Amino acid sequence: MSIPHYFPSLGQLTKRFGTPFYLYDFTNIQQQYLKIKGAFAGRKSLIAYALKANSNLSVVQQIASLGGGADCVSLGEIKRAILAGVKPYHIIFSGVGKRKDEILEALHLNILFINVESEDELLLVEKIASSIRTEARISLRVNPNINPKTHPYISTGLNENKFGIPVQEAKRLYLYAHKSPHLKPVGIHFHIGSQLLDLEPLQEATQKISSLFHSLNAIGLELKFFDVGGGLGINYTDEKPIEPYDYAQMILKELRGTEATIICEPGRFIVGNSGYLITSVLYEKINDSKRFVIVDTAMNDLIRPTLYDAIHQIALFDSEKIIDTEILEHSHCTLADVVGPICESGDFLAKNIKLPPLKHNNLLIIKNAGAYGFTMASHYNTRPNPPEIAFNDQKKVWVIRSKERLESLWENELAYLKDKQ
Ligand SMILES: *Cc1c(COP(=O)(O)O)cnc(C)c1O
């Protein structure tokens, strides 16, 4: 992704907020949402944005304002979605380890359905629903046992992964739920992994699950929602992502002859290419012949390079000009690792990338950081989380999360200091 022409002036922003900070392109978020929604045009569909990719309230509000729903994996995410204006009947609750209080609250909030991931969980949902004399709308997450050919940490659709219920068992549980007065099976769900670049495993999974869906239909167990999960990959370097149109056509073909509403749960696809992490160069150094560029952001702000071997291209901002990755490739550069101040060798943002000689306070633009960036940030080394800022193609720039106060990092500990009570 090249940087859009309406990218804001970083000189002014850094004067106001310092560095590091996250910067999100709300125009791109809207376009990505409309792209995936449009792919399913002519069919009833719900785009349930996966909050875990980026759960900033303003980001979720933008998606909700376009009619989007939310795929949540904790009560916290459900509450965020509601605060941001997502309608409860557009919210799905997924995840392998839902707590009892979370299930109870989800039932009280009357969300669209709970995505159940095991028999144990199904029985607990039934018990809780019965205790409050209600009928819980549920869907089962079925594990199609398909290798999605992505990084093992983000592969979820194999029996060796902790997610979902094997096909045969799912059938039995559907029949059980169908008979229970406190369970109402309304959907079927699968999600085989993230950053998927290959349509074939998705098609195999869709075929397997739709065949179960059709066989349940045939015995009078009619499900209203066919939930294909998320996982659509994006371009970080030179990947060739799946076209939303091809993806949707593949699914529509499998569901021909049925009325089911399609639910799709993209996270990365909507926000991944829409985000940037802006950081300042602190120092340069060469150890033997190895060049390091030390910056003021770190693995606690963006852990993807460390956790997933992810590659984030970096552009340069110098004298009010953006020098994008492709131009950098051709200019006078040497190889360097871009590293942060954290006391870990795993603390890097990029390895062996080409960069020109850099000076103190030069700004680097770490690209494609909108998904699984801020949401995975930690306070490691007692570093406050960076602020988040939005911009759009109308040249508007606004804060969507203020800079964290350092004091808030130890607020919950102060009262327990021995001599300070
Ligand atoms: C993580 C997740 C998603 C979103 O994945 P992306 O790769 O970001 O699209 C959707 N559904 C479920 C159940 C998930 O766990």
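Everything here concerns the structure above.
Now for a look at the structure at hand. (Residues numbered from 1 in each chain as written. Predicted model: local features only at pLDDT ≥ 70, side-chain atom pairs only at ≥ 80, totals over all residues. Heavy atoms only, no water.)

Summing up its helical and strand segments, the protein chain has 13 helices and 19 strands in all. Computed over its C-alpha atoms, the radius of gyration of the protein chain comes to 23 Å, within 12% of the 22 Å expected for a compact globule of 421 residues. Seen through its principal axes, the protein chain has C-alpha atoms that stretch 70 × 60 × 45 Å. Partitioning the intrachain contacts of the protein chain with sequence separation of at least 6 by distance along the chain shows that 70% fall at a separation of at least 24. Within the structure as shown, the protein chain displays about 19200 Å² of accessible surface, and the carbon and sulfur contribution to it stands at 51%. (Helix = DSSP H or I, 4+ residues; strand = E, 2+ residues; numbered from the N terminus. Rg over C-alpha atoms; globule rule 2.2 N^0.38 Å. Contact = heavy atoms within 4.5 Å. Areas by Shrake-Rupley, 256 points an atom, 1.4 Å probe, with all protein chains shown as cover.)

Attention now moves to helix H9 (residues 244-254). For H9, the set of buried residues is Pro244, Tyr247, Ala248, Met250, Ile251, Leu252 and Glu254. Residues of H9 that are buried make contact with helix H2 (26-39), helix H8 (199-218), strand E10 (261-264) and helix H10 (268-271). (Buried < 20%, exposed > 50% of the residue type's maximum accessible area, 1.4 Å probe, protein only.)

Okay, the pattern of salt bridges next. In the structure shown here, the tally under the stated rule is 14 salt bridges. Where Lys79 meets Glu105, a salt bridge forms, and the shortest distance between an N and an O atom there is 3.9 Å. Pair noted here: Lys79 is in helix H4 (residues 75-83) and Glu105 is in helix H5 (residues 100-109), with a separation of 26 residues, a long-range link. Residue Glu102 pairs with Arg99 through a salt bridge whose shortest N-O separation is 4.0 Å. (Salt bridge = Lys/Arg side-chain N within 4 Å of Asp/Glu carboxyl O.)

Moving on: the site of the ligand. Not every one of the 14 residues close to the ligand is listed here, only the nearest: Lys52, Ser194, Glu265, Arg268 and Tyr372. Asp71 places a side-chain nitrogen or oxygen 3.1 Å from a nitrogen atom of the ligand. A distance of 2.6 Å separates a nitrogen atom of the ligand from a polar atom in the side chain of Glu265. Here the ligand has 390 Å² of accessible area as a free molecule, and 94% of this is covered by the chains. Considering only residue class, the shell around the ligand consists of 3 nonpolar, 6 polar and 5 charged. (Near = heavy atom within 4 Å. Polar contact = N/O pair within 3.5 Å; in protein donor to acceptor, adjacent residues only side chain to side chain. Nonpolar A, V, L, I, M, F, W, Y, C, P; charged D, E, K, R; others polar.)

This paragraph deals with unusual backbone geometry. In this chain, Thr19 is followed by Pro20 through a cis amide linkage whose omega measures 0°. Inspection of the secondary structure puts Pro20 in the loop between helix H1 (10-17) and strand E1 (21-25). Positioned with a positive phi, Gln195 is a non-glycine residue whose angle comes to about 55°. Counting through the fold element by element, Gln195 comes out in the loop between strand E8 (183-189) and H8.

Within the secondary structure layout, Glu121 lies in helix H6 (residues 119-131). Within the local environment of Glu121, its side chain forms a polar contact with the side chain of Lys98, the two groups lying 2.6 Å apart. Setting aside residues no more than four positions away along its own chain, Glu121 makes contact with Gly95, Val96, Lys98, Ile114, Asn115 and Val116.

This part is about the packing of aromatic side chains. Inspection of every chain in the model, using the stated rule, returns 12 aromatic pairs. Seen from their ring centres, Phe7 and Phe391 are 5.4 Å apart, and the 80° between their planes marks the pair as edge-to-face. Within this pair, whereas Phe7 is found in the segment before H1, its partner Phe391 is found in strand E18 (residues 388-391), the two being separated by 384 residues in sequence. Of the two residues, Phe7 and Phe391, both sit in the buried class. For the cation-ring pair, Lys396 lies above Trp398, with the distance from its terminal atom to the ring centre recorded as 4.3 Å. (Phe/Tyr/Trp six-rings, centres within 6.5 Å; stacked < 30°, edge-to-face > 60°. Lys NZ or Arg CZ within 6 Å of the ring centre and 35° of its normal.)

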